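# Reading the structure
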Amino acid sequence: MKVLLTGGSGFIAAHCVDILLKHDHDVVFTVRSDEKGQKILKNHPGTPSSKLSYVIVKDIAQENAFDEAVKSDLPFEAVLHTASPFHFNVTDVKKDLLDPAIIGTTGILKAVKKSAPSVKRVVVTSSFASIINPAKHPEKYSEEHWNPITQEEAVQNPSNGYRASKTFAEKAAWDFVEKEKPNFQLSTINPPLVLGPVVHYLNSLDGINTSNERIANMIQGKCKEKGLPPTGTFLWVDVRDVALAHVKAAEVPDAAGKRFFVTAGYMSNGEIAQIIKKNFPDLVDKLPTNLDSDRPKDLFGYDNSRSKEVLGIKYNNLEETIKDTVKSLLAVVEIQQHGYQKSCHIDKD
Ligand code: NDP
């Protein structure tokens, strides 16, 4: 299958590239600059340009940003749309979060409908942010739940802004399919906090992707004095499982028209820190003394059965994921005082 992958420089997208190639698909990814595109290609030596190449899409918040990217001599059969801002360092929620998420999502769907009739499946990276209702948790979260966040709440702060960006973008995608009846079918992948190994050629520890930031902070001693921060939503998933879910959603006929709530289960910052303590004795002095978990006993439930049944996902466990993540972070930047090697091998799916 020939696949267009947006946001190729992203944390999740890097793993999508690996799994797409492993499943023998041809991949064209979008990036904002030649520099990023070339770095990714260089990290796949021996992969011919017929299997892996890139196109530049500078800003997904621009209407028509994807109009040229969806055109290809050998036509695309599937699109994975992962590009969307995921950070809280914003000055203008609408411009920095809502517009790129919403216009980016509707933009690619419009472009595919107009110029890529061969595409049969579009998979959009949504989020648990589009599912969660922080004011009133249901007994058990599943794909049937939607975040009720409003336009007014969206612009109140960056955290609301991010959750709204994912909710409104996903809603816009389903509305588009219902109204426009395009040539393709839609699936969405809805992960909570995504943890897992980073591709070290793209990152410095300071510029680490948002969801791994808490682990990077722990191993750099940034929580030592202040203590572990509150966990947040207590659900997580391994990035390799998220990437596999994207690829399977493009491959499996039954995935059409479905949301997939992909989660491995519960976690807390305390549990993560305890795993680091157990597996990386040299990092113990970077951690605070209190590693207690703040996870309440009576948390909401979750139902991830659709992802297992339709996509065949078998979730990685927290300990393995944290071990692989820490190894990958140590490989990004040698922590000089501990003398770690940069060349640390991480098994990928
Ligand atoms: P990253 O920040 O690593 O990746 C985001 C990608 O989107 C990057 O490639 C980035 O490009 C691109 N991007 C952002 N804004 C624009 C823009 N205006 N124009 C062009 N490209 C843009 O994050 P993740 O890999 O974690 O996130 C990928 C997707 O997964 C997002 O849709 C996110 O909302 C979703 N998600 C992530 C979760 C997580 O815990 N990581 C949880 C749930 C959902 P560049 O590198 O050039 O900035």
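Let me begin by describing the structure that accompanies this report. (Residues numbered from 1 in each chain as written. Predicted model: local features only at pLDDT ≥ 70, side-chain atom pairs only at ≥ 80, totals over all residues. Heavy atoms only, no water.)

## A look at the overall build of the chain
- Across its full length, the chain carries ten helices and twelve strands.
- For a compact globule of 349 residues, the expected C-alpha radius of gyration is about 20 Å, and the chain comes in at 20 Å, within 12% of that figure.
- Dimensions of the chain along its principal axes, counting C-alpha atoms only, are 60 × 50 × 40 Å.
- For the chain, with 349 residues in total, the buried portion stands at 55%.
- Sequence separation of at least 24 residues holds for 78% of the intrachain contacts in the chain that already meet a minimum separation of 6. (Helix = DSSP H or I, 4+ residues; strand = E, 2+ residues; numbered from the N terminus. Rg over C-alpha atoms; globule rule 2.2 N^0.38 Å. Buried < 20%, exposed > 50% of the residue type's maximum accessible area, 1.4 Å probe, protein only. Contact = heavy atoms within 4.5 Å.)

## Brief notes about the site of the ligand
- Neighbouring residues of the ligand: 27 residues in total, closest Ser9, Lys36, Tyr162, Lys166 and Val194.
- Note that an oxygen atom of the ligand is positioned 2.7 Å from one of the side-chain N or O atoms of Lys36.
- Taken together, the elements giving at least two residues each to the shell around the ligand come down to α1 (11-22), α5 (158-180) and β8 (193-195).
- Broken down by class, the residue content of the shell around the ligand amounts to twelve nonpolar, ten polar and five charged. (Near = heavy atom within 4 Å. Polar contact = N/O pair within 3.5 Å; in protein donor to acceptor, adjacent residues only side chain to side chain. Nonpolar A, V, L, I, M, F, W, Y, C, P; charged D, E, K, R; others polar.)

## A short note on the packing of helix α8 (residues 269-279) against helix α10 (residues 318-332)
- Here α8 crosses α10 at 65°, and the two axes come no closer than 10 Å. Classified by the interaxial angle, the pair formed by α8 and α10 is roughly perpendicular. Between α8 and α10 lies a crossing of right-handed hand. Where α8 abuts α10, its residues Glu271, Ile272, Ile275, Ile276, Lys278 and Asn279 lie against Leu318, Glu319, Ile322, Lys323 and Val326.
- A per-class count over the contact of α8 with α10 returns six nonpolar, one polar and four charged. (Axes fitted to C-alpha atoms, helices over the stretch in contact; angles between N-to-C directions. Parallel < 35°, antiparallel > 145°, perpendicular 65-115°, else oblique. Left-handed = near helix turned anticlockwise from the far one by under 90°.)

## Brief notes about the pairing of strand β7 (residues 185-190)
- For β7, a buried count of five out of six residues is recorded, marking the element as mostly surrounded by other parts of the structure.
- In this sheet, β7 lies alongside strand β5 (residues 121-125) in parallel orientation, the contact comprising five bridges. Following the sheet pairing, Val123 is matched in β7 by Ser187.
- Relative to strand β10 (residues 259-261), β7 is paired through three bridges, and the arrangement is parallel. What sits directly across from Asn190, in β10, is Phe261. (Pairing = 2+ DSSP bridges.)

## Some remarks on the packing of aromatic side chains
- Under the counting rule described, the total for this entry stands at ten aromatic pairs.
- The interplanar angle of 25° and the centroid separation of 4.4 Å between the aromatic rings of Phe86 and Tyr162 together place this pair among those described as stacked. Of the two residues, Phe86 sits in the loop between β4 (78-81) and α3 (93-115) while Tyr162 sits in helix α5, which places them 76 residues apart along the sequence.
- A residue is classified by how much of its surface remains accessible, and Tyr162, at 12% relative accessible area, is buried.
- Within the aromatic cluster, the residues linked to one another by ring pairs are Phe128, Tyr141, Phe261 and Phe300.
- We note Lys2 situated over the ring of Phe76; from NZ or CZ to the ring centre the distance is 5.5 Å.
- Between the NZ or CZ atom of Arg259 and the centre of the ring of Trp146, over which it lies, the distance is 3.7 Å. (Phe/Tyr/Trp six-rings, centres within 6.5 Å; stacked < 30°, edge-to-face > 60°. Lys NZ or Arg CZ within 6 Å of the ring centre and 35° of its normal.)

## Let's talk about the packing of α1 against helix α7 (residues 239-251)
- Contact geometry of α1 with α7 gives a least axis separation of 8 Å together with a crossing angle of 60°. With respect to α7, the axis of α1 lies oblique. In this structure, α1 crosses over α7, and the sense of that crossing is right-handed. Every residue of α7 that contacts α1 at Phe11, Ile12, His15, Cys16, Ile19 and Leu20 is listed here: Val239, Arg240, Val242, Ala243, Leu244, His246 and Val247.
- A class-by-class count of the residues in the contact of α1 with α7 yields ten nonpolar, two polar and one charged.

## Re the pattern of salt bridges
- With the rule as written, the count across this model stands at 14 salt bridges.
- Residue Glu68 pairs with Lys71 through a salt bridge whose shortest N-O separation is 3.1 Å.
- A relative accessible area of 56% means that Glu68 is categorised as exposed.
- Judged by its relative accessible area of 43%, Lys71 falls in the partly exposed class.
- Two residues, Asp324 and Arg240, come together in a salt bridge whose shortest N-O distance is 2.8 Å. A residue pair is termed long-range when its members are at least 10 positions apart, and Asp324 in helix α10 and Arg240 in helix α7 qualify at 84 residues. Across the pair, exposure class does not vary: Asp324 and Arg240 are buried alike.
- Here the salt bridges do not stand alone but share partners, grouping Asp24, Asp26 and Lys51 into one network. (Salt bridge = Lys/Arg side-chain N within 4 Å of Asp/Glu carboxyl O.)

## Focus on the sheet that holds β8
- Read from one edge to the other, the open sheet built from three strands follows the order β8-β9-β11, with strand pairing classed as mixed. In this open sheet, the two edge strands, each paired with only one partner strand, are β8 and β11 (265-266).
- Note: strand β9 (residues 235-238) against β11, two bridges, orientation antiparallel. Each bridged residue has a counterpart across the sheet, and for Leu235 the counterpart in β11 is Tyr266.
- Against the sheet, α7 contacts β8 and β9, and its axis sits at roughly 70° relative to β9.

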